Amino acid sequence: MFYIVESDEQLKHLCALGRKGCFVEVISGNDNYHPKLSSTVAVYIRPLYHKEGYILPIDHTEGLNLSIDKVQEVLNCFEVKYVVDKKNYLYHFRGKDIIDLALVYSLKNYETLQLPNAPQSINWYYNKYRDYPELNKIVPLTKLFEKCERNYRSIEDLFEQAQEIVGTDYWKFYNQVATGVYYLLEQSGLKIEEDGFIELFKPNNAKYSIIDGKVFTSYNPYNITSRPTNAFNSINFAAIPKKGSFREKIIPSSDWFVEFDFDGYHIRLLADLVGEPILGKSAHTELAKMYFNKEEISEEEYNEGKQITFQIVYGKIPEEYKEVPLFKKINDYIRNLWKTYESQGFIEDPISGRRLTKELKDMHPQKLMNYMMQSLETSRNIRILSKVLRYLQDKRTKVSLYTYDAILFDYDKKDGKGLLEDLDKILSEDGKYPVKFKASKNLVL
């Protein structure tokens, strides 16, 4: 059988090679483009425990191209599909039992998986035609195949590593729930005043992620605590500058931007974790009242109290507050967390089950606490966002952006004010984690 699969007979033969599983790499139109703006050129399939891989052309100048539906049928023949970057795969194909090897690597090693450099011949095409959206259509199939084979060889040991965690609760949480959430969050994009946005944000090339007055984001979950970054095309959507006109250039597609911001998020999560929930709509106000022993708090005292709280959240509890019941429990929690980490070799996120193990470098009690809070925040957000996205399925309002302790909605008035009330209940879990909201005609909120 030739490594380029183009006929029905070859497809049937490929289907029969290994129903237990395969490695899949999707070749898009151009690796520089956001997957929302890129086509499907070909697919590389390597049946597990098979001596060679195969490439299936879908829209390539050299191939007797197959329909994407036929390729999907072939993929359905395999019970398990191993990919590098499941979220990217979902832009091209559907299916169950898709295992993200980049996620396996990050969960076990707390690093981002790096694939080998592309062959020099492919780099030649990218150096000369890097902005052509269908560039991979003109790169020879033999060279695309060579690149995929090289990638496969570099990740072969991950198949065995995957068996250690696939099937665990925390694997299901991140590989299924989290990946699906991030994929759905990217679909609507952000409406922009295009010329001004490009001038201010200076993307590598506007075509890579901007079309018809919309820019597309990209959530990356392969981080130490699973807290996602969100950057693409030299634009960091998790840290949009507040100065100047940057935020004025991002506008709602519907009527309003409505941002829900979790109040005192980390201290509330931590207080709930140790069994001393904070009451009241403003955690920082309630805590500042305690710090300064007064009922009326000035803006200066509020801000000073906020700084004290941040120190406490990350394990630096001032001596004068160590006997306060909440902070005493936090201090005990940090000590016990470290004790468990030292004796057991790992600790677990109480929502996702994500493990922080001895593979982490240069750990100490405060750093471990910081990692736990980021993991806990992220896992709760994933769970809440999953509920929000289900609720909005038949609504006009969409989620535009998620940034750690805030969620931005593109609100359509036709959905009515009741929608905002419903979102408040979902996000706050009926008031357990209070949220504040702001509305604006641009991102200056």
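Residues numbered from 1 in each chain as written. Predicted model: local features only at pLDDT ≥ 70, side-chain atom pairs only at ≥ 80, totals over all residues. Heavy atoms only, no water.

1. What to know about the sheet that holds strand β16 (residues 398–402)
Spatially, β16-β17-β13-β18 is the arrangement adopted by the 4 strands of the open sheet, whose pairing is antiparallel. Because the sheet does not close on itself, it has two edges, and the strands there are β16 and β18 (435–440). Strand-to-strand twist in this sheet, taken as the mean axis angle between neighbours without regard to direction, amounts to 25°. Here strand β13 (residues 256–262) pairs with strand β17 (residues 406–411) via 6 bridges, running antiparallel. Opposite Glu259, over in β17, you have Leu408 as the bridge partner. Most of the contacts of helix α14 (residues 365–391) go to β16, to which it runs at about 165°, and overall it touches β13, β16 and β17. (Pairing = 2+ DSSP bridges. Helix = DSSP H or I, 4+ residues; strand = E, 2+ residues; numbered from the N terminus. Axes fitted to C-alpha atoms, helices over the stretch in contact; angles between N-to-C directions. Contact = heavy atoms within 4.5 Å.)

2. Quick notes on the packing of α14 against helix α15 (residues 417–428)
At a closest axis distance of 9 Å, the pairing of α14 and α15 adopts a crossing angle of 155°. By the angle between their axes, α14 is roughly antiparallel relative to α15. For the element pair α14 and α15, the recorded crossing hand is right-handed. Across from Arg380, Ile384, Lys387, Val388 and Tyr391 in α14, the residues of α15 making contact are Gly418, Leu419, Asp422, Leu423, Ile426, Leu427 and Ser428. For the contact of α14 with α15, the residue count by class is 7 nonpolar, 2 polar and 3 charged. (Parallel < 35°, antiparallel > 145°, perpendicular 65-115°, else oblique. Left-handed = near helix turned anticlockwise from the far one by under 90°. Nonpolar A, V, L, I, M, F, W, Y, C, P; charged D, E, K, R; others polar.)

3. Describing the sheet that holds strand β12 (residues 250–251)
Here 4 strands make up an open sheet; going across it, the order is β7-β8-β6-β12 and the pairing antiparallel. On the outer flanks of this sheet lie β7 (210–211) and β12, each paired with one strand and no other. Note that strand β6 (residues 190–192) and β12 share 2 bridges and pair antiparallel. By the bridge assignment for β12, Ile192 is matched with Ile250.

4. Side note on empty space enclosed by the protein
According to the stated counting rule, one finds 1 cavity of 30 Å³ or more in the structure shown. When its volume is computed, the largest cavity comes out at roughly 30 Å³. In terms of lining, the largest cavity is formed by Lys87, Asp100, Thr179, Tyr182, Pro221 and Tyr222. A class-by-class count of the residues in the lining of the largest cavity yields 3 nonpolar, 1 polar and 2 charged. (1 Å grid on protein atoms, 1.4 Å probe; cavity = no way out; pocket = protein on both sides within 12 Å on 5 of 7 lines; lining within 4 Å. Points joined across faces, edges and corners; volume = space filled by probe spheres on them.)

5. Re the side chain of Asp410
Of note, Asp410 is situated in strand β17. For Asp410, which is buried and forms no salt bridge, the nearest opposite charge comes from Lys214, at a distance of 6.6 Å. Excluding anything up to four places from it in sequence, Asp410 contacts Pro252, Ser253, Ser254, Asp255, Trp256, Phe257, Arg396, Thr397, Lys398 and Ser400. (Buried < 20%, exposed > 50% of the residue type's maximum accessible area, 1.4 Å probe, protein only. Lys, Arg positive; Asp, Glu negative; His and termini not counted. Salt bridge = Lys/Arg side-chain N within 4 Å of Asp/Glu carboxyl O.)

6. Here's the deal with the packing of aromatic side chains
Summed over the entire model, instances satisfying the criterion amount to 26 aromatic pairs. Measuring from centroid to centroid gives 4.9 Å for Tyr82 and Phe159, while their planes differ by 85°, and the two rings are edge-to-face. Residue Tyr82 is found in strand β4 (residues 81–83), and its partner Phe159 is found in helix α7 (residues 158–165); the two are separated by 77 residues along the sequence. Grouping residues by exposure puts Tyr82 and Phe159 together as buried. Residues Tyr321 and Phe327 carry aromatic rings whose centres are separated by 6.4 Å and whose planes lie at 70° to one another, so their mutual orientation is edge-to-face. In terms of burial, Tyr321 and Phe327 fall into one category: buried. The positively charged end of Arg227 is found above the aromatic ring belonging to Tyr404, 4.0 Å away from the centroid. Sitting over the face of the ring of Phe346, Arg355 holds its NZ or CZ atom 3.8 Å from the ring centroid. (Phe/Tyr/Trp six-rings, centres within 6.5 Å; stacked < 30°, edge-to-face > 60°. Lys NZ or Arg CZ within 6 Å of the ring centre and 35° of its normal.)

7. A closer look at the pattern of salt bridges
Taken as a whole, this structure holds 27 salt bridges when the rule is applied. For Arg335, the salt bridge goes to Asp332, with nearest N and O atoms at 2.5 Å. Of this pair, Arg335 and Asp332 both sit in helix α13 (residues 325–344), 3 residues apart, which is roughly one turn of that helix. By relative accessible area, which is 48% here, Arg335 ends up partly exposed. Across the pair Arg383 and Glu429 runs a salt bridge whose closest N-O atoms are separated by 3.8 Å. Residue Arg383 is located in helix α14, and its partner Glu429 is located in the loop between α15 and β18; the two are separated by 46 residues in the primary sequence. Judged by relative accessible area, Glu429 falls into the partly exposed class, the value being 25%. Counted as one network, the salt bridges with shared partners bring together Asp59, Glu134 and Lys137.

8. What to know about the layout of surface pockets
Of the volumes computed, that of the largest pocket is approximately 1,300 Å³. Around the largest pocket, the lining comprises 40 residues; the ones closest to its centre are Asp31, Val84, Asp85, Asn88 and Leu115. For the lining of the largest pocket, the elements supplying multiple residues, two or more each, are β1 (22–28), α3 (86–90), α5 (120–129), α6 (141–154) and β9 (219–220). The dominant element in the lining of the largest pocket, judged by the number of residues it contributes, is β1, at 5 residues.

Limitation: the analysis is restricted to geometry and does not speak to function.
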